[in-house]
Amino acid sequence: MKLRKVIIRIGATHTFRALFVADSHIAIASKTADAECRQFESRRAGYFPMACRHLQEAVDYARRERCLLIHGGDLIDFPNKENLSYADCVHRCADVIFCPGNHEFSAWAGERAIDYAPNRRASEQLRMLGVVINDVDSRIINGVQFVTLNNSLYQVSEAQHAQVQQLLQLGLPAILICHIPFFTPRLCESNLSITRREDAFLVGLPLEISSRLRFDPTLPPAEQWRNSAVLQRAQPSTLRFVSWLRQQPQLKAIFSGHCHHFFAEPFSSTAIQYVTGPGFLGEALEIEFR
């Protein structure tokens, strides 16, 4: 496991540690699916050959070191019985806080537009296994409030904003966990450089940036979502939330993934945003809360 360590002085009632991982992309091909699914699943599994091993290493480390395990989404690459059962095992083997990513909701990992529409199929299957996915959730540990926010579609709704606002009214030092990072200038420039300025992979992009992302006008209307300039264009509710969040003094850090590389940058005057590297390569972030 490739481990980075940070200390966050947050005013916890007792010092404790957490292991943060994201983007495990567990992709186990089914042997009983139809031919088209088997071909797709085998191809996706080939992209992440060490995913199960690295996630097991993280689970074992968290149990051995008595760390809280936080997973920031894309635990599975696509929902099938095998991947969902593996996700269930992870939740049974460790003390886990889980925030969903875009792949938790994508039947075909976004490769077929007809199957990519935001859906709750995977969410309901996970719920049957006892893994509940909420748009906003909260847990308090040693005086620290951990808030999970499902922003896997690059947006934050007014209802989500209201829920987070209500939770932060407790006044406790807070950690926000989400799959997709929020816009910060240096992270944005890094992602644009990596993708040859086609994608930023961030929530809350200024319009002058999102409007310049990849856009193919020849795509049929049903597939316009594939354009980065469409998918990553922030709605007004998202921009209002990001602006509000930057002003919350109790926010001390944001944990996210999605970009598949480590990055840390101040999000506000009180909070640093930590983007962890890909779990499918064994990267993780260990945090000590004091």
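Everything below is about the structure printed above this text.
Residues numbered from 1 in each chain as written. Predicted model: local features only at pLDDT ≥ 70, side-chain atom pairs only at ≥ 80, totals over all residues. Heavy atoms only, no water.

### Description of the pattern of salt bridges
All told, the structure shown has 12 salt bridges when counted by the stated rule. Taking the shortest distance from any N to any O, the salt bridge between R186 and E265 comes out at 3.9 Å. With R186 in helix α7 (residues 185-194) and E265 in strand β9 (residues 263-266), this pair connects stretches of sequence that are 79 residues apart. According to the relative accessible area criterion, E265 is buried, its value standing at 6%. Of the charged contacts, one joins R214 and E198 as a salt bridge, the two residues approaching to 3.8 Å between their closest N and O atoms. Of this pair, R214 sits in the loop between α8 (207-210) and α9 (228-231) while E198 is found in the loop between α7 and α8, placing the two residues 16 residues apart along the sequence. What makes R214 partly exposed here is its relative accessible area of 31%. Among the charged side chains, a network of salt bridges with common partners joins R17, R64, E65 and E286. (Salt bridge = Lys/Arg side-chain N within 4 Å of Asp/Glu carboxyl O. Helix = DSSP H or I, 4+ residues; strand = E, 2+ residues; numbered from the N terminus. Buried < 20%, exposed > 50% of the residue type's maximum accessible area, 1.4 Å probe, protein only.)

### A look at the pairing of strand β5 (residues 136-141)
Both β5 and strand β6 (residues 144-149) contribute to a ladder of six bridges, which runs antiparallel. Following the sheet pairing, R139 is matched in β6 by F146. Joining the antiparallel neighbours β5 and β6 is a turn of two residues, in which N142 adopts a positive phi near 50°. (Pairing = 2+ DSSP bridges.)

### Side note on the sheet that holds strand β1 (residues 2-8)
The strand order across the open sheet formed by five strands is β1-β11-β2-β3-β4, and the pairing between neighbours is mixed. Taken across any chain shown, the strands that pair with only one partner, and hence form the sheet edges, are β1 and β4 (96-98). Direction aside, the axes of adjacent strands within the sheet are offset by 20° on average. For strand β3 (residues 68-71) and β4, the ladder comprises three bridges, and the chain directions are parallel. (Axes fitted to C-alpha atoms, helices over the stretch in contact; angles between N-to-C directions.)

### Description of the nonpolar core
Ranked by internal contacts, the top residues of the largest apolar core, which has 27 residues, are L19 and L69. Those elements that place two or more of their residues in this core are β2 (16-21), α1 (35-47), α2 (51-65), α3 (81-93) and β4. By residue number, the principal contributor to this core is α2, which donates six residues. Setting aside chain neighbours within four positions, we find L19 in contact with M1, L3, A58, Y61, A62, C67, L68, L69, I70, A284, L285 and E286. Core analysis: the next-biggest nonpolar cluster, separate from the first, contains 23 residues, F16, I177, F255 and F289 among them. (Core = buried A, V, L, I, M, F, W, Y, C linked by side-chain atoms within 4.5 Å. Contact = heavy atoms within 4.5 Å.)

### As for the sheet that holds β9
The six strands are arranged β5-β6-β7-β8-β10-β9 in an open sheet whose pairing can be described as mixed. Each edge of the sheet is formed by a strand with only one pairing partner; in this case those strands are β5 and β9. Averaged over all pairs of adjacent strands, the angle between strand axes in this sheet comes to 20°, irrespective of strand direction. Here strand β8 (residues 251-256) pairs with strand β10 (residues 272-275) via four bridges, running parallel. Directly across from I254, in β10, lies its bridge partner Q273.

### Points about the pairing of β9
With burial as the criterion, only one face of β9 is covered, namely that bearing F263 and E265; the residues A264 and P266 on the opposite face remain uncovered. Of the pairings in the sheet, the one linking β9 to β10 comprises four bridges and is antiparallel in character. The partner of F263 across the bridge, within β10, is V275. What sits between β9 and β10 in their antiparallel hairpin is a turn of five residues.

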